[in-house]
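Here is how the chains run, residue by residue.
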Amino acid sequence: PLSLTLQVIGTLIVIYAFWIEPFRLQVTHQVLSTPKLKASRPLRLLHLGDLHIERLTPRETRLNALIDSLKPDIILFSGDILNLSYLNDPTAWQAARQLIGHWQAPLGVFFVSGSPAVDLPEILPDLLKDLPLTWLQDSKTAVKYAEDVFEVIGISCSHRPHQDAPRLAALTNEPSNHLRILLYHSPDLAPAASRLGVDLQLSGHTHGGQVRLPFLGAVFTGSLYGKAFEAGRYRLNKMVLYITRGLGLEGAAAPRLRFLCPPEIILWEIKGENRD
């Protein structure tokens, strides 16, 4: 009886982790107060990451329905569009273009490339051609919101923070009173970013570990800092870092499952520090 019970429990866990939780897309709500914004209405910023699309599934249909219902002012995507097993698959390309082409926000949609092995430099220009988004490649843009201006900085990820940090430093070398938001695929640039005047870093890459255990958290993360950067919200000096659990599954040899780590999108309300 004990053996049978354990087999049944194990089978149910496998079914849940492979076929149920990967499609349980959630909206995570976050609030950030800052003296650098004065607008009467909070800025609604939607952060997406790690799409890893293979085909259009109910998860992608729900994603776009949620985006429409949330009505964000701006959308920021922190990289990894395709699944590793479908990098050269025309159907996956078409699915990605159809999905991303639907994203709209009054202040724009901004994107940075993810892992070099996923967002291949020889593929991205064709994949993103004519899509309604701005690709930030080691660049920044000033975005006007009501009476405020904030900066979105996008740094291409090499997974070598010591190489990427100087490019970020070059974009933040002058003091600014504007809110600075860094879009970077991996959390591993956060220690440097927190010393370079960044207020909010939005990242992904770890997928939250995909498999999490009670009390232990992620079994494995893709961060150079191990379990120090798994998923969720962190504070480093005066900077806030948020690591999304992502949307899809990486593919190739990576496990196609999630357990206690459902996919998420994050809706930020960023408001003036003295406002309710």
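See the structure shown above.
Just so we're clear, the structure is a prediction, and the values are computed from it rather than from any experiment.

A. Region of interest: the pairing of strand 3 (residues 74–77). Side-chain alternation along strand 3 places I74 and L76 on one buried face and I75 and F77 on a second face that is also buried. Two strands pair when backbone bridges link them, and strand 2 (residues 43–48) and strand 3 are joined in this way by 4 bridges, in the parallel orientation. When the bridges of strand 3 are listed, L45 appears paired with I74. Running through helix 2 (residues 58–70), the crossover from strand 2 to the neighbouring parallel element strand 3 is right-handed. Note that strand 3 and strand 4 (residues 109–111) share 3 bridges and pair parallel. Considered in strand 4, the bridge of L76 is made with F110. For the crossover from strand 3 across helix 3 (residues 90–100) to strand 4, the handedness is right-handed.

B. Region of interest: unusual backbone geometry. One non-glycine residue, H205, lies in positive phi territory at about 75°. If you trace the backbone, H205 turns up in the loop between strand 9 (200–203) and strand 10 (212–213). In this structure H205 comes out as buried when scored by relative accessible area, which is 14%. One non-glycine residue with positive phi stands out, namely F215, at about 70°. In this structure, F215 sits in the loop between strand 10 and strand 11 (217–218).

C. A look at the environment of P214. For P214, the position within the fold is in the loop between strand 10 and strand 11. Relative accessible area serves as the criterion here: at 53%, P214 is assigned to the exposed category. Separated by 203 residues in sequence, P214 and T11 have C-alpha atoms that sit 19 Å apart.

D. Main features of the sheet that holds strand 1 (residues 26–34). Read across the sheet, 6 strands follow the order 1-14-2-3-4-5 without closing on themselves; strand pairing throughout is mixed. Edge positions in the open sheet fall to strand 1 and strand 5 (134–135), since each of these has one partner strand only. Where helix 2 meets the sheet, its contacts fall on strand 1, strand 2, strand 3 and strand 14 (264–272), and the angle it forms with strand 2 comes to roughly 170°.

E. Region of interest: the pattern of salt bridges. One pass over the full model with this rule turns up 12 salt bridges. Close ionic contact of R55 with D89 constitutes a salt bridge, the shortest N to O distance being 3.4 Å. One end of the pair, R55, is in the loop between strand 2 and helix 2; the other, D89, is in the loop between strand 3 and helix 3, and 34 residues separate them in sequence. For E60, the salt bridge is made with R59, and the minimal N-O distance between the two is 3.2 Å. Taking the relative accessible area as the measure of exposure, E60 reaches 3% and is therefore buried.

F. Structural context of helix 5 (residues 161–171). Within the span of helix 5, buried status applies to P161, D164, A165, L168 and L171. Projected down its long axis, helix 5 carries its buried residues within an arc of 115°, all on one side. Exposed side of helix 5, more than 90 degrees from the buried face: H162 and A170 are the residues found there. Summarising the contacts, the buried residues of helix 5 are in contact with strand 6 (139–145), strand 7 (148–154), strand 8 (179–183) and helix 6 (190–193).

Cut-offs used in this document
- Residues numbered from 1 in each chain as written.
- Predicted model: local features only at pLDDT ≥ 70, side-chain atom pairs only at ≥ 80, totals over all residues.
- Heavy atoms only, no water.
- Buried < 20%, exposed > 50% of the residue type's maximum accessible area, 1.4 Å probe, protein only.
- Helix = DSSP H or I, 4+ residues; strand = E, 2+ residues; numbered from the N terminus.
- Pairing = 2+ DSSP bridges.
- Right-handed = clockwise from strand over helix to strand, strands pointing away.
- Contact = heavy atoms within 4.5 Å.
- Axes fitted to C-alpha atoms, helices over the stretch in contact; angles between N-to-C directions.
- Salt bridge = Lys/Arg side-chain N within 4 Å of Asp/Glu carboxyl O.
- Arc of directions from axis to C-beta.

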